[in-house]
Protein chains: 2
Amino acid sequence: MSGHSLLIASIEKHLSLNTQEQHRILLAFTTQYIKKKEFFLRAGEVCKQVAFVLNGCMRSYAVDEQGFEHNLQFAPEGWWITDMNSIIHGTAARLNIDAIEDTQALLLSRDQQEGLLKEVPKLERFFRIISEKSMAGSHKRLIDQVSVNAQTRYLNFCDQYPGLIQRLPQKQIASYIGVTPEFLSKIKAELLRRKD
Amino acid sequence: MSGHSLLIASIEKHLSLNTQEQHRILLAFTTQYIKKKEFFLRAGEVCKQVAFVLNGCMRSYAVDEQGFEHNLQFAPEGWWITDMNSIIHGTAARLNIDAIEDTQALLLSRDQQEGLLKEVPKLERFFRIISEKSMAGSHKRLIDQVSVNAQTRYLNFCDQYPGLIQRLPQKQIASYIGVTPEFLSKIKAELLRRKD
DNA sequence: GAAATTTCTTAATCTACATTAATGGAAAGG
DNA sequence: CCTTTCCATTAATGTAGATTAAGAAATTTC
């Protein structure tokens, strides 16, 4: 499947598009290649675009006063990623977004999105639905973060994203579940010991 | 301002409505009064509605294995509240939603919302925008939770919701920022000591 | 394919916050 | 109005997870 049809397929899960509409949609996006460790967005900039990942993987993360990184989201193929706070309020991004693997993504600027929505209004529905889903995901994450301990968070992560466990360095996962790499190592050792 | 016009005003921040559309919108909602400590949603049920608060205040919270409550959101007048995960996936709610003060709210079921959106399609845009905002809010909260300590989270809360600080019992705020009431008490004592 | 860099693991020590317990004060409710 | 329940505070003790350090393994780079 070509990257473009990944996007179209993802939209057509929620509504159907004729050929003309498909073309109009693709016109609004630009393609970008982002090498591992390169940035899509740096904290402090104003975020102007959302990215739809075609292949590879990006992540968003915040940096605290002591310089430690905290991963908020991973975006492998088929996922959207952006700094929503920055994009909708026009304020400086608090998030960095970079590539964990060499990545190909489709970018949609807010201006292009506005134009696209004017010409294909039924896409409002699509963007509403994916916003609701993102919000549900973010809520789920927050509940997990505040109501269970680190070991359970790790098990939940393995459960929900089995593909990513294989694929990502452990330190990235540690940063996502909110512990140090050292402590994640301990958790894994503990889990292994229990199994035997 | 009547409750209904609070809702209409809130929509008209994003798009304009004629009288007919306003009436059609109000038709989709039902009014409910919820007394302090009564539930709008219990964990385990499937959530079917979103609530728009006209006056009073509701909160959503998760309960952990040990029975402790963790507040996720407060919804005073003009705010929306629901369990988005339950409503969009049709799964059992993980959240409880109850009233912290006697509350009057407008309820919109998913079915009613679908009908409304069919007849007034431009509302797709409104719901997209508020979903994006909720998602931005939820992201902000998550960043705060993982990247700063409890004292800073408390100060940030005071900053962002000065009205709620006056209005809510401290234990509700403690539960929101993710500490025990005892520790919040300590934080406040510490802050007072520093001021003098 | 050797050197450099990054990642993972183990272990000792430390700390932010939780737990428990006890007291006084404020609401709530009949 | 009195009683009951809830709420805020302080203080002693406990613990999940952080920090620091250091070596082993894996990956990247030239």
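Everything numeric in this text was worked out from a predicted model, so none of it was measured.

A. Molecular detail of the protein's contact with DNA strand C. Contacts to DNA strand C come from 15 residues, most closely from Gln170, Lys171 and Ser185 of chain A together with Lys36 and Ala150 of chain B. Counted by atom, the contact set of DNA strand C within 4 Å of the protein is 76% sugar and phosphate. For DNA strand C, a phosphate oxygen lies 3.0 Å from a polar atom in the side chain of Ser185 of chain A. Backbone polar atom of Thr180 of chain B to a phosphate oxygen of DNA strand C: 3.2 Å apart, as the coordinates give it. Residue assignment for the surface near DNA strand C shows that the elements contributing at least two residues are α8 (170-177) and α9 (181-195) of chain A together with α9 (181-195) of chain B. With 3 residues, the top contributor of residues to the surface near DNA strand C is α9 of chain A. The class makeup of the residues in the surface near DNA strand C is 5 nonpolar, 6 polar and 4 charged.

B. A look at the protein's contact with DNA strand D. If you check the shell around DNA strand D, you find 16 residues, and the closest are Ala150 and Thr180 of chain A together with Gln170, Lys171 and Ser185 of chain B. Backbone atoms, meaning sugar and phosphate, make up 76% of the atoms of DNA strand D lying within 4 Å of the protein. The separation between a phosphate oxygen of DNA strand D and a polar side-chain atom of Lys36 of chain A is 3.4 Å. Thr180 of chain A places a polar main-chain atom, nitrogen or oxygen, 3.2 Å from a phosphate oxygen of DNA strand D. Those elements that provide at least two residues to the surface near DNA strand D are α9 of chain A together with α8 (170-177) and α9 of chain B. Of the residues forming the surface near DNA strand D, the biggest block, 3 residues, is contributed by α9 of chain B.

C. Structural view of helix α2 (residues 19-28) of chain A. All names here are of chain A. The set of residues buried in α2 consists of Glu21, Arg24, Ile25 and Ala28. In a view along the axis of α2, the buried residues occupy a sector of 100°, so they form one face of it. Turned more than 90 degrees off the buried face of α2, the exposed positions are Thr19, His23 and Leu27. Its side-chain oxygen at 3.1 Å from the backbone nitrogen of Gln20, Asn18 defines the N-terminal cap of α2.

Reading the values: the criteria
- Within any chain, residue numbers begin from 1 and follow the written order of that chain's sequence.
- Chain labels run from A onward and ligand labels from 1 onward, assigned in the order the entries are written.
- The model is predicted, so local features are restricted to residues of pLDDT at least 70 and side-chain atom pairs to those at 80 or more, both for listing and for counting; the totals for chains, interfaces and linings are taken over all residues.
- As a rule here, side-chain values come from all non-hydrogen atoms in the structure, and water together with hydrogens is ignored.
- Note on definitions. A residue lies near a molecule or strand when any single heavy atom of the residue is within 4 Å of it.
- Two N or O atoms form a polar contact when they lie within 3.5 Å of each other; inside protein one atom must be a possible hydrogen donor and the other a possible acceptor, and for residues adjacent in sequence the pair counts only when both atoms belong to side chains.
- Per the convention used, a helix needs a DSSP run of H or I reaching at least four residues, while a strand needs a run of E reaching at least two, with both numbered from the N terminus.
- Residue polarity follows a fixed list, in which Ala, Val, Leu, Ile, Met, Phe, Trp, Tyr, Cys and Pro are nonpolar, Asp, Glu, Lys and Arg are charged, and the others, Gly among them, are polar.
- Accessible area is worked out with a 1.4 Å probe on protein chains only. A residue is then buried under 20% of its type maximum, exposed over 50%, and partly exposed in between.
- The directions considered for the arc run from the helix axis to the C-beta atoms.

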